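Read off the chains here:
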Amino acid sequence: MRNERKIHLWLIRFIGFIVPRQFRYDWRHEWEAELQYHESILAKWRRLDWQDRWDLMRHSAGSLRDALYLQPKRLEEDMIQDIRYGSRMLLKHKGFTLVAMLSLALGIGANTALFSLVDAVLLRTLPVPEPERLALFEWRSGPNYRTGGMRGTMLPTEPGTRGGSIFHPDNVAKLRAQQANDPNSPLSSLFAYAPLWGITAVYQQQAEVIRAQCVSGNYYDGLGISAIMGRTITENDDQASATPVVVLSHHYWQKTFGANPDVIGQQLTLNQKAFTIIGITPPGFVGALQVDSRPDITIPLAMESMLLGDSTGFATKDRPPLWFVHLMGRLKPGATLEQAQASLNSTFQAVALDVMPAPKRNKEVAREKLETKDYPRLKVSSGSQGAMEIRSLASKTIYVLFAVVAAVLLIACANVANLLLARAALRGPEISLRLAVGAGRWRIVRQLLTESVLLSILGGIVGVVFAYWAKAGLIALASNAADFIPADVELHINARVLAFTFGLSVLTGILFGLAPAWRATHVDLHSALKQSNRTSTSVSRLSKGLIVLQVALSLLLLVGAGLFIRTLSNLQHVKLGFNQENLLLFGLAPGQNGYKEERLQQFYEQLTARLDALPGVKSSTFGIVPLIAYNTWNTRVLLPGEQENASSENIANIQKTRENYFATMEIPLLRGRAFTAQDVASAPPVAIVNQTLAKKFFPNDDALGKRVREDEGKSEIEIVGIVADTKYDSQRDDIEPLLFTPWQQELDNI
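Residues numbered from 1 in each chain as written. Predicted model: local features only at pLDDT ≥ 70, side-chain atom pairs only at ≥ 80, totals over all residues. Heavy atoms only, no water.

Student: I'm lost on the overall build of the protein chain in this one. Help?
Tutor: When helices and strands are counted, the protein chain shows 20 helices and 18 strands. The buried share of the protein chain, taken over its 750 residues, is 45%. A separation of at least 24 residues holds for 78% of the contacts in the protein chain among residues at least 6 apart in sequence. For the protein chain, the accessible surface area stands at approximately 38,700 Å², while carbon and sulfur atoms represent 57% of it. (Helix = DSSP H or I, 4+ residues; strand = E, 2+ residues; numbered from the N terminus. Buried < 20%, exposed > 50% of the residue type's maximum accessible area, 1.4 Å probe, protein only. Contact = heavy atoms within 4.5 Å. Areas by Shrake-Rupley, 256 points an atom, 1.4 Å probe, with all protein chains shown as cover.)

Written out as structure tokens, the structure is:
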């Protein structure tokens, strides 16, 4: 046999390059010895030919599997070596490390804080088993379909349509009955729920106003939620004849009851009605309502009328039911949203047409003449996140904020990249020497990138600390800008947010470290070793480009910040029409505690008398709608001679006030008179209007002395005064017609 190097031995040597250095020598000699042994055995029997050589080659290929098996150790060895060396370099240059780390911490921390908001509002699913199987029901119709009264969160739908996620109680009952009786239904359950606002709760003689919801008996079963103590509401509880029961949220149980385990079976008074506490929901579960809704207690849907009285969403002696109930279902395994929609659409459509109010105006279409395109129809979407209106409303603002903080991070990256370029210039002789002695360019690039990633991870760790502080600012912003960011949303730095931070840190390290690392290794070794300045000139061009990027992004942010500050300044200087200085606002709901008619009148008279007598109080008054609180109450106004079926659309906001309201709020009375104590229920109905109503509804006539009627109102109201315009629900909105009426003539609505 010839002594020259055999092909199969060359193959072993070639594969050996991917074996970790600490194993490479022993590995190669073991495999060479084994192949030489096989070769010697074959040589004893016959002279080696190409087939024998091929057998040896095939056997030597098995070394590849062995080498690949050792790859994790090789990567671990190289990675530990890079991390150890990179850590030493960062510790050696503490000033550079500190400046770069703080720059990155600002950008990464801002992104982490905002991502916690994105996670809470746009990504987080309901904390229930298999949330992807939940189906949220909505409806759409043409513009000519009418619903009657509605209560709940409504947003504009697609152009040329009406719709929402709240349903008529009759429709809910029929849809639930059909699903329950259909063995082939794609839904395993169909449940209902609705929010309740301003509920007065009394426990151990301590009263507070809380948030609540009412749910159908299968609500918790459909969501797959069990109580951590006691039990949840069942179908037997959801009966008008059943004993009133209530389930407490975990947060409310801790806050009000001190996490007392003996609370089960105790009584909680809600709106002067006794409810028995039967269970506590798990921590973190807040229901399937809007993302900013966190009900403290839950009662059966059948108890809603008992709790709210005349304010119920169900039918009363004076009006039909309101549309106020949300509907959600759980799909059977393998079922689709489309199947759920198809199974219930015909029933929904029939009931929706049946409850459609009769036309009251000339331009309204009767049910019998409604075109097919205007028919209401179901729309079913994923219910994994619960009701979506507030999430959709906030998404645009959150994405804009995300773009802003992303620009901040890009500025930080450009800044750190410039620092790395300057540092790479100082390390030029070191890198050139390493290249000259045989180090590969990719090996040095990997080392420099490791240093960059280490630096960004340090920035990410500090950024998480910064994010804890920054998310408090986001919560404050949400509480003061509820029309842009949902208020009362819990922000958590949870595992998903930390994973985002880690991924962002690694990506950031690669982003700002790649260009300097690549530039640092592409040098002319001959010139570099002779201390030529060619490399520094090349680096200078890249540095200038990064400076241009920093300036451009900074200018963009400064312009945006300037416009934002200007907007805030303009909002602060908007003339509201009343004196907002030294105002103290608070809300009351005496009607929920049994105050009605004469008792209610005496309550307000005694309350205002005591408030007026307090030291430092100049005057006290009240109105049914708080101003500049994103709260509205409007009605259609019938002008003199107009009938209820008139086609005109004269919509005005409503405010029901105490007689000294205009004097206390310093709203100028332009003409006529203000309300007086003589404007009682037995006196002729009167009203005061703002300038916009007078000009819009009576453009060619004098509004003073005219008699108007509220939509469906029985009595004519005489306009006895005109006051200056004021903002109503928001500083941003244009001033709209506003109709004031005296509180003593509106006791039923106070």
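Past the structure itself, the notes keep going.
Student: What exactly am I supposed to notice about the side chain of T112 here?
Tutor: Looking at the element boundaries, T112 is found in helix α6 (residues 94-123). When its relative accessible area of 0% is taken as the criterion, T112 is described as buried. Residue contacts for T112: discarding those within four places in its chain leaves A467, I493, V497, F500 and T501.

Student: It is not clear to me how the pairing of strand β6 (residues 245-248) should be interpreted in this structure. Could you clarify?
Tutor: The side chains of a regular strand alternate, residue by residue, between the two faces of the sheet. The alternating pattern of β6 places V245 and V247 on one face and V246 and L248 on the opposite face, and all of these are buried. Summarising the sheet, β6 and strand β8 (residues 273-280) pair through four bridges and their orientation is parallel. Bridging from a neighbouring strand, V245 pairs with T276 of β8. (Pairing = 2+ DSSP bridges.)

Student: Even after reading the chapter, I still don't get the pairing of strand β18 (residues 738-742), so can you show me in this structure?
Tutor: By the criterion of burial, β18 is predominantly enclosed, with five of the five residues buried. Of the two faces of β18, the one holding L738, F740 and P742 and the one holding L739 and T741 are both buried throughout. As defined by bridge partners, strand β13 (residues 651-657) adjoins β18 across five bridges and the pair is classed as parallel. The residue of β18 that forms the bridge with K656 is T741. Examined bridge by bridge, strand β15 (residues 686-690) and β18 share two bridges and lie antiparallel to one another. Opposite V689, over in β18, you have L739 as the bridge partner.

Student: Just to check I follow, could you spell out the packing of aromatic side chains for this structure?
Tutor: The geometry of an aromatic ring pair comes down to the distance between the two centres and the angle between the two planes. What the rule picks out here adds up to 23 aromatic pairs. An angle of 45° between the planes, with centres 5.5 Å apart, marks the rings of F466 and W469 as tilted. Here W469 and F466 lie together in helix α14 (residues 441-480), a separation of three residues that amounts to about one turn. F466 sits in the partly exposed class, given a relative accessible area of 24%. Judged by its relative accessible area of 62%, W469 falls in the exposed class. (Phe/Tyr/Trp six-rings, centres within 6.5 Å; stacked < 30°, edge-to-face > 60°.)

Student: Looking at this structure, how should I read the pattern of salt bridges?
Tutor: In a structure, side chains of opposite charge can pair up when their charged atoms sit close to one another. Scanning the entire structure with this criterion turns up 19 salt bridges. Salt-bridge contacts for E158 lead to R140; the nearest nitrogen and oxygen are separated by 2.9 Å. You can see E158 sitting in the loop between β1 (134-141) and β2 (162-164) and its partner R140 sitting in strand β1, a full 18 residues away along the chain. Take E158: its relative accessible area is 36%, and that puts it in the partly exposed class. Among the residues examined, R140 registers a relative accessible area of 10% and is labelled buried. (Salt bridge = Lys/Arg side-chain N within 4 Å of Asp/Glu carboxyl O.)

Student: When you look at the confidence of the model for the protein chain in this model, what are you seeing that I'm missing?
Tutor: Any region with low pLDDT has predicted coordinates that should not be read closely. Scored by pLDDT, the protein chain has a mean of 83; 82% of the residues are at 70 or more. Here residues 1-5 is modelled with pLDDT under 50, and outside its nearest four sequence neighbours on either side it reaches seven contacts, counting other chains as well. Across residues 532-539, where pLDDT falls below 50, the model places six contacts with residues more than four positions away in sequence or in other chains. (pLDDT = per-residue confidence, 0-100.)

Student: Explain the packing of helix α7 (residues 169-181) against helix α11 (residues 337-354) here, please?
Tutor: Any two packed helices are characterised by how steeply their axes cross, that is the angle between the axes, and by the distance between the axes. Contact pair α7 / α11: the axes reach a minimum separation of 9 Å and the direction vectors enclose 150°. Compared by their axis directions, α7 and α11 come out roughly antiparallel. Relative to α11, the crossing made by α7 is right-handed. Residues D170, N171, K174, L175 and Q178 of α7 lie in contact with α11, whose contacting residues are S343, L344, T347, F348, V351 and A352. Looking at the contact of α7 with α11 residue by residue, the classes come out as five nonpolar, four polar and two charged. (Axes fitted to C-alpha atoms, helices over the stretch in contact; angles between N-to-C directions. Parallel < 35°, antiparallel > 145°, perpendicular 65-115°, else oblique. Left-handed = near helix turned anticlockwise from the far one by under 90°. Nonpolar A, V, L, I, M, F, W, Y, C, P; charged D, E, K, R; others polar.)

Student: What's the story with helix α18 (residues 597-613) in this structure? I'm lost.
Tutor: Since one α-helical turn is 3.6 residues long, residues separated by three or four positions face the same way. Taking 1.5 Å of rise per residue, 17 residues should cover 24 Å, and α18 covers 25 Å from first to last C-alpha, within 8% of that figure. All of the buried residues along α18 are L600, Y604 and T608. Buried residues in α18, looked at end-on, bunch into an arc of 60°, giving them a common side. Among the exposed residues of α18, those pointing more than 90 degrees away from its buried face are E598, R610 and A613. (Expected span 1.5 Å × (residues − 1). Arc of directions from axis to C-beta.)

Student: Before we go on, may I ask you to explain the side chain of T501 in this structure?
Tutor: Looking at the secondary structure, you find T501 in helix α15 (residues 495-521). Assessed through its relative accessible area of 4%, T501 is described here as buried. Separated by 2.9 Å, the side chains of T501 and T112 make a polar contact. (Polar contact = N/O pair within 3.5 Å; in protein donor to acceptor, adjacent residues only side chain to side chain.)

Student: Which parts of the structure should I look at to understand a negative patch on the surface?
Tutor: Taken together, the side chains of D310, D318, E597, E598 and D748 define an acidic patch exposed on the protein surface. One can find D748 in the segment after β18. Exposure remark for D748: the relative accessible area of 72% places this residue in the exposed category. (Patch = residues over 30% accessible without salt bridge, like charges linked within 9 Å, V, L, I, M, F, W, Y side chains within 5 Å. Lys, Arg positive; Asp, Glu negative; His and termini not counted. Charge placed at Lys NZ, Arg CZ, Asp CG, Glu CD.)

Student: How should unusual backbone geometry be read in this particular structure?
Tutor: Peptide bonds are, in most cases, trans, and in most cases residues other than glycine have a negative phi. Of note, E130 is a non-glycine position whose phi angle comes to about 45°, a positive value. Among the secondary structure elements, E130 is positioned in the loop between α6 and β1.

Student: It is not clear to me how the environment of G329 should be interpreted in this structure. Could you clarify?
Tutor: Assignment of secondary structure puts G329 in strand β10 (residues 326-331). Given a relative accessible area of 0%, G329 falls into the buried group. Separated by 139 residues in the primary sequence, G329 and L190 have C-alpha atoms spaced 4.1 Å apart. Non-local contacts of G329, meaning those with residues more than four positions away in its chain, are made with R133, L134, A135, F137, L187, S189, L190 and F191.

Student: Whenever I open this one, a nonpolar patch on the surface confuses me. Can you help?
Tutor: Where nonpolar side chains cluster on the molecular surface, the patch consists of L555, V559 and L563 and spans about 280 Å² of accessible area. Relative to the helices and strands, L555 is located in helix α17 (residues 534-572).

Student: Got a minute to help me understand the environment of L498 in this structure?
Tutor: Tracing the chain through its elements places L498 in helix α15. Residue class for L498 comes out partly exposed when judged on its relative accessible area of 40%. When the C-alpha positions of L498 and F115 are compared, they lie 9.8 Å apart, and in sequence the two are 383 residues distant. Among all residues touching L498, those that are not within four sequence positions of it are V464 and I493.

Student: Please clarify how the environment of T157 should be interpreted in this entry.
Tutor: Mapped onto the elements of the fold, T157 is located in the loop between β1 and β2. Sequence spacing of T157 and S141 is 16 residues, and the spatial spacing of their C-alpha atoms is 9.9 Å. Non-local contacts of T157, meaning those with residues more than four positions away in its chain, are made with R140, R162 and G163. At 2.8 Å, the side chain of T157 and the side chain of T161 are in polar contact.

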